[in-house]
Amino acid sequence: MAYAISGIRFPSVPSLHKPSHSVNHGDRRNVSNLSFLLKKEPLSWKIFAGKSSYDSDVSSLTVPGGQTDGASSSTDEIEAPGALVGDSQALHDVDSPTMEDVLVEEETNKSSMTSSVADDTFEAHSKDASFPSPKAVNIEENEARPRSVPPPGTGQKIYEIDPTLNDHRGHLDYRYGQYKRIRSEIDKYEGGLEVFSRAYEKFGFTRSATGITYREWAPGAKSASLIGDFNNWNPNGDVMKRNEFGVWEIFLPNNADGSPAIPHGSRVKIRMDTPSGIKDSIPAWIQFSVQAPGEIPYNGIYYDPPEKEKYIFQHPQPKRPESLRIYEAHVGMSSTEPMINSYANFRDDVLPRIKRLGYNAVQLMAIQEHSYYASFGYHVTNFFAPSSRCGTPDDLKSLIDKAHELGLLVLMDIVHSHASNNVLDGLNMFDGTDGHYFHSGSRGYHWMWDSRLFNYGNWEVLRFLLSNARWWLDEFKFDGFRFDGVTSMMYSHHGLQVAFTGNYNEYFGLETDVDALVYLMLVNDMIHGLFPEAVTIGEDVSGMPTFGIPVEDGGVGFDYRLHMAVADKWIELLQKNDENWKMGDIVYTLTNRRWSEKCVAYAESHDQALVGDKTIAFWLMDKDMYDFMALDRPSTPRIDRGIALHKMIRLITMGLGGEGYLNFMGNEFGHPEWIDFPRGDQHLPNGKVVPGNNSSFDKCRRRFDLGDADYLRYRGMQEFDQAMQHLEETYGFMTSEHQYISRKDEGGRIIVFERGNLVFVFNFHWTNSYSDYRVGCLKPGKYKIVLDSDDPLFGGFNRIDHDSEHFSHEGFYDSRPNSILVYAPCRTAVVYSLEEDDPEPVQL
């Protein structure tokens, strides 16, 4: 039976209890490829694009085969080595060190080793086959990339950087010892992190010259078979074989004419008899997954297009910039129209905007496939598959390549902190057991996020997640990651209902998840070893010490921490009148970060734009934004205040908040609407109904046209944000080692500081303007204005004369050896530069 939509035919999947007749491995070319139509997308698109995977020419992956005592870790003590559940492979054996063994770094008497994925069946099919290499990218930089991860360091430098960490040396040395031990096991039994992180060349679907091999780790399953369009969904046609480690495998030889047994674009699933019953699952390593129109579940897609349809990268990846200016973006909601936008449209329409605004990196959200659109991409179902709502994997590669042509880094918002609890489409209960990829019981469930939590102490989970990070860097040429929800990973309490005060006992105590921290160290080690230019950013609200210190020195290894406290502070202040703002409080929050650990600061991100919260612009101007943003109509005091403070808040955040800066798309011009994803009514178990929005896309888009309109006040706010980015590109103040705060005037509401060779003057007073206001400065000479928030171009009132000259005066003022006299109008921010230090303007 088949049904048609817009001329496209979809074979229906037979009933679970009514399997179709057996089909042999003969010529299956009669199975037609499929095309899918995007909802809310005016253009249909095909799924014929991407890159095939091949059987690796390296030796088979191996894992420790030792036994454990089976004891699970208690929640009131630091993670002891994890336990085996069934046939799953765990990280630790019975001889693993405990907290009492903090000085023990290496184990002896390892148990004998056995292959985890290869058996006689695989060897018979592959030993005579030639293995084509993955397609070569015509970019020399990739050829020079190192293919091994340097060995661990001593892990002791953290005590030089922060001597107070010596009080917690036992915990930190234990943590580093666990990391070194696991690195040693990976090196000894897997061939090193470089090989271990390429498991996508063994698991899932891989292709050799003679056929297709499919492997899946599902130790809880009693039987398994591969089903799909290629065999008319017959569960008896392609039965899989299980090895001793719970890895199921099947080899499908090529058809008689040499074509693959599974045509590109075919729907595929694995049917398993599990402890929870018969279930069909999308393969865990699937590289593309699509929801057909009118259907609820997703279908895995066998993704292996012809060579001529694969996207070939043309442009080298940019070098890592000194300072990051990140434009956080969601491809699906990046259209000005109420629709799901495509990778192609984002490439053509949004990337040039990001470049023009002066950002040097774009951070893409919701890339990993997620069945629930309104999850913002944070409830991932298919970790190796790019979201099919926006196009094909080839389309995503084309987007990334275009960004590289423009000189933009492309960072991915990767989710390894939890996974969707969706049983049909995701990893949850994949093999019918509760503790497969995740901790079992309450420990494996995040009650606030309604999602599953990975067991980072499991060997196969490490293999899966490390390979997932490697996949996006290797296959799609992403330039790094923003790791989501890292605070949740690092603590058994997940940071929920915990007020971190900075006491070190909060970070190095019994509630620390050492297994998770070791995983973070491993993934940072792998990324920075194999991709030296890649950037890693961790979303951590706790302030974990050593978070941004290299792994070899004993740190967790992130390049940057998201400075999340800044956005919270602004929301807190915006709920008060200006009269209650404290200059010292603002400065303290912006500068309260650990020495030598870099931060990405932001005034607001996507979090503050969601329904249930408010953007800064909405806090400031509220409903007046709907009626008084046209230049041909009179403004209001609320609009004047809002536009002025919007600019000041963003500039002082960039000026003092960190070594990187982030903005969510549209917020640069004060986007007037919140984000509300299309959703229907939600019926709760208690009988209550949470109203939806009739599945509307009206609030799930970005009105870039408002920021571009020269007849609206939004334009001035956008122009100011662009000027901020160009100022930083020209002067590089965010990464300068020179930072000095010379004035925090609570009475006058003045903040003055030096960053690099620039002097920043902020007047937060609502009415008071100051003439001949003396400002301390380091260097003598003539100063000029390089940025003025009161400029008419930015929607200001033109109160400052840019032709006036500011010559320094000798003599200490505010502990500075020189000073200048300036005019500081109310609610303005002005940046001054010494003319002789002035670099040539940078063309972006």
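Residues numbered from 1 in each chain as written. Predicted model: local features only at pLDDT ≥ 70, side-chain atom pairs only at ≥ 80, totals over all residues. Heavy atoms only, no water.

Focus: the pattern of salt bridges
Applying the stated criterion across every chain, the model contains 52 salt bridges. Measuring nitrogen to oxygen at the nearest pair gives 3.3 Å for the salt bridge that ties R561 to E597. With a gap of 36 residues between them, R561 in strand β26 (residues 560–563) and E597 in the loop between α12 (583–591) and β27 (599–601) connect regions that are remote in the sequence. With respect to class, R561 is no different from E597; both count as buried. Taken together, the shared-partner salt bridges connect D162, D540, R561, R594 and E597 into one network. (Salt bridge = Lys/Arg side-chain N within 4 Å of Asp/Glu carboxyl O. Helix = DSSP H or I, 4+ residues; strand = E, 2+ residues; numbered from the N terminus. Buried < 20%, exposed > 50% of the residue type's maximum accessible area, 1.4 Å probe, protein only.)

Focus: the pairing of strand β7 (residues 204–207)
Of the pairings in the sheet, the one linking β7 to strand β8 (residues 211–217) comprises 4 bridges and is antiparallel in character. Its bridge partner lying in β8, T206 is registered against T213. Once β7 ends, the chain turns through 3 residues before running back antiparallel as β8. (Pairing = 2+ DSSP bridges.)

Overview of the packing of aromatic side chains
In total, this model carries 46 aromatic pairs according to the counting rule given. Aromatic pair W285 and F384: ring centres 4.8 Å apart, planes at 25 degrees, arrangement stacked. Highlighted residues: W285 in the loop between β13 (277–281) and β14 (289–290) and F384 in strand β19 (residues 382–386), separated in sequence by 99 residues. For W285, a relative accessible area of 5% gives the class buried. (Phe/Tyr/Trp six-rings, centres within 6.5 Å; stacked < 30°, edge-to-face > 60°.)

Points about helix α11 (residues 564–574)
Across the 11 residues of α11, 8 count as buried, placing the element largely inside the fold. On its buried face, α11 sits against β26, α12, α13 (616–621) and α14 (637–656). (Contact = heavy atoms within 4.5 Å.)

Some words on a nonpolar patch on the surface
On the surface, Y445, W447 and M448 cluster together into a nonpolar patch covering about 340 Å² of accessible area. With respect to the element layout, M448 can be found in the loop between β22 (445–446) and β23 (451–452). For M448, a relative accessible area of 47% puts it in the partly exposed group. (Patch = residues over 30% accessible without salt bridge, like charges linked within 9 Å, V, L, I, M, F, W, Y side chains within 5 Å. Areas by Shrake-Rupley, 256 points an atom, 1.4 Å probe, with all protein chains shown as cover.)

Some points on the environment of E475
When you line up the elements, E475 lands in helix α8 (residues 459–475). Between the C-alpha atoms of E475 and P393, which are 82 residues apart in sequence, the distance is 9.8 Å. Within the structure, E475 has its side chain in polar contact with the side chain of K397 (distance 2.7 Å). (Polar contact = N/O pair within 3.5 Å; in protein donor to acceptor, adjacent residues only side chain to side chain.)

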